[in-house]
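Structural description and commentary
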Amino acid sequence: MLELAIGIILGCCALGAGSAMIAGIGPGIGEGNAVAAACEAIGRQPESRSSVTTTMLMGCAVAETTGLYALVIAILLIFVAPGMFVNLLMSTIS
Amino acid sequence: MKHTRPTGRPSKAVDALLLLGMLLPIAAGIALKMLLVPASQGIEITGAYIFFTLPLPLGGLPITETQVNSWLVMLSLLFLCLYLTRGLTEKAQTKRQHVAEWIVEQTEGLVTGNMGEYFIGFAPFIGAMLALSAFSSLLSLTGLFPPTSDINVTAGWAILVFILITYYKMKCGPVHYLKSFAEPVAFLTPLNVISEVATPVSMAFRHYGNVLSGSVISVLVAAALQGLSQIILGRLPGILGEVPWLRIGIPAVLSVYFDLFSGCLQAFIFAMLTMLYVGGAFPAEDYFKMQEKKKAKRLQTNNN
């Protein structure tokens, strides 16, 4: 019975981590749009290449933040949450 | 030219000593890791290894691989700076003085371009932050634990930036600072407070997440390649079948992106965001107006 409970905890943590990373879609689309717009801008004004590149990298970094929040949640779910929940379960049983 | 040394050129022995001082901390780090950190069984992802815990009145202070490695990076950078700035002359003669001048000029140009002339004093801080962050991430090339893949390090830097932002927002007095939360309309105050707190959190998570995700993906790819080479090439006779052939060379491509490119890019982005946030936090117009008012008042009282 205990094995089943621990198995459910581990499985749910893995599922949660996997579904948290769905958030990776958003930054992907956003960064793609940003790079596309930057390419257009460079094509129109090749002399502004350096400043456009810098601004684009900054924008990409800011857009990436939501994806990284999801990554942090996923990492917590994989490495921290199972041990915490199993300890909780053990302390409630005993 | 009173300040130049009588020999004209700095002695080679001290140079060699400084270069040795630059490489020795890294070697010491590798030796420390080999001696103290237990070897990982197979493929596993672990956090920083705790060397020992200092007993302090408010709970123990664990001395981890992260701290030791960041001290080593600082030592290495210190010797690099000493090496670059040794034997400076009024007119650049040596290659290293050209390099040092180029670094200083680039940093000052970056700071004045993004923050304005008023913040020129920030150039050393930004340069130090860039160097520390970039070299901390590049430490993973030597196989050591990169300090920036620990959230405590990046969170510490982000808190430092947050203190700077608040200090520059307070430049026009605390009333002006508190009033800035109720802009543009009063009911947006909670949102403004949240965005104020979100700044350091997102800065810390961004840097940490990028470096950590790079190492996690590298480890996973290495594990996958090992499994793949066992399946495909495992039937080769003898020891040939045991060598993970696919792990040779292919992970290096990932390492170029995650360690070299991403590490330097994240350092640049962290420094850039610091400049933008601190420069944007300073209410320049109001501050200079206030200064002029004060000056006019002082003149008036002097005249009276």
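Please refer to the structure placed before this passage.
Our subject in this report is the structure included herewith. Remember, it's a predicted structure, so these values are computed and weren't measured experimentally. (Residues numbered from 1 in each chain as written. Chains lettered and ligands numbered in written order. Predicted model: local features only at pLDDT ≥ 70, side-chain atom pairs only at ≥ 80, totals over all residues. Heavy atoms only, no water.)

Let us look at the pairing of strand β2 (residues 61-64) of chain B. Each regular strand shows side chains that alternate between the opposite faces of the sheet. Residues and elements named next belong to chain B. Where strand β1 (residues 50-54) meets β2, 4 bridges bridge the pair, whose relative direction is antiparallel. Within the sheet, the bridge partner assigned to Leu 54 lies in β2 and is Leu 61. What sits between β1 and β2 in their antiparallel hairpin is a turn of 6 residues, with Gly 59 showing a positive phi close to 75 degrees. (Pairing = 2+ DSSP bridges. Helix = DSSP H or I, 4+ residues; strand = E, 2+ residues; numbered from the N terminus.)

Here the focus is the interface of chain A and chain B. Each partner contributes residues to the interface: chain A has 13 residues there, and chain B has 18 residues. Overall, the association of chain A and chain B removes approximately 1,300 Å² of surface from exposure, summing both partners, and the carbon and sulfur fraction of that is 82%. On the chain A side of the interface with chain B, the three residues burying the most area are Met 58, Leu 68 and Tyr 69 of chain A, jointly 34% of the side's total. The tally of links between chain A and chain B comes to 3 residue pairs in polar contact (both at pLDDT 80 or more). (Contact = heavy atoms within 4.5 Å. Buried area = accessible area lost by both parts, 1.4 Å probe. Polar contact = N/O pair within 3.5 Å; in protein donor to acceptor, adjacent residues only side chain to side chain.)

Once that is clear, we can look at helix α1 (residues 12-36) of chain B. Residue and element names in this part refer to chain B. For α1, which comprises 25 residues, the first-to-last C-alpha distance of 36 Å matches the rise-based estimate of 36 Å (1.5 Å per residue) to within 8%. Maximum bend of α1: about 30 degrees, positioned at Leu 23, with proline Pro 25 one to four residues after it. All of the buried residues in α1 are Asp 15, Leu 18, Gly 21, Met 22, Pro 25, Ile 26 and Gly 29. Residues of α1 that are buried make contact with α2 (65-84) and α3 (95-115). (Expected span 1.5 Å × (residues − 1). Bend = angle between axes of the 7 residues up to and from the residue. Buried < 20%, exposed > 50% of the residue type's maximum accessible area, 1.4 Å probe, protein only.)

With that settled, the discussion passes to the nonpolar core. Ranked by size, the top nonpolar core spans 36 residues in total, and within it Val 111, Met 115, Phe 119, Phe 122, Tyr 168 and Val 278 of chain B carry the most contacts. Those elements that provide at least two residues to this core are α3 (49-93) of chain A together with α2, α3, α4 (123-138), α5 (151-169), α7 (189-233) and α8 (250-281) of chain B. Among the elements that make up this core, the one with the highest residue count is α8 of chain B (9 residues). Val 111 of chain B has contacts with Gly 116, Phe 119, Ile 120, Phe 122, Ala 123, Ile 126 and Met 275 of chain B, leaving out every residue within four places of it along the chain. Membership of the second largest hydrophobic core comes to 7 residues, among which are Leu 68 and Ile 75 of chain A together with Leu 212 and Val 216 of chain B. (Core = buried A, V, L, I, M, F, W, Y, C linked by side-chain atoms within 4.5 Å.)

With that settled, the discussion passes to the environment of Asp 286 of chain B. Residue and element names in this part refer to chain B. With respect to the secondary-structure elements, Asp 286 resides in helix α9 (residues 284-303). A C-alpha to C-alpha distance of 9.4 Å links Asp 286 and His 176, two positions 110 residues apart in sequence. Every residue in contact with Asp 286, bar those within four places of it in the chain, is listed here: Cys 172 and His 176. Looking at Asp 286, its side chain comes within polar contact range of the side chain of His 176, at 2.8 Å.

Any two side chains of opposite charge can pair, so long as their charged atoms come close to each other. The final tally for this structure, using the stated rule, is 4 salt bridges over all chains. Residues Arg 44 of chain A and Glu 40 of chain A are paired through a salt bridge, measuring 3.8 Å at the closest nitrogen-oxygen approach. One end of the pair is Arg 44 of chain A and the other is Glu 40 of chain A, both in helix α2 (residues 25-44) and 4 residues apart, which spans about a single turn. Taking the relative accessible area as the measure of exposure, Glu 40 of chain A reaches 53% and is therefore exposed. Between Glu 196 of chain B and Lys 169 of chain B there is a salt bridge, with the nearest N and O atoms lying 3.0 Å from each other. Of this pair, Glu 196 of chain B sits in helix α7 while Lys 169 of chain B sits in helix α5; the two residues are 27 residues apart in sequence, bridging distant segments of the chain. By relative accessible area, which is 11% here, Glu 196 of chain B ends up buried. Residues joined in a network through salt bridges with shared partners are Asp 15, Arg 86 and Arg 96 of chain B. (Salt bridge = Lys/Arg side-chain N within 4 Å of Asp/Glu carboxyl O.)

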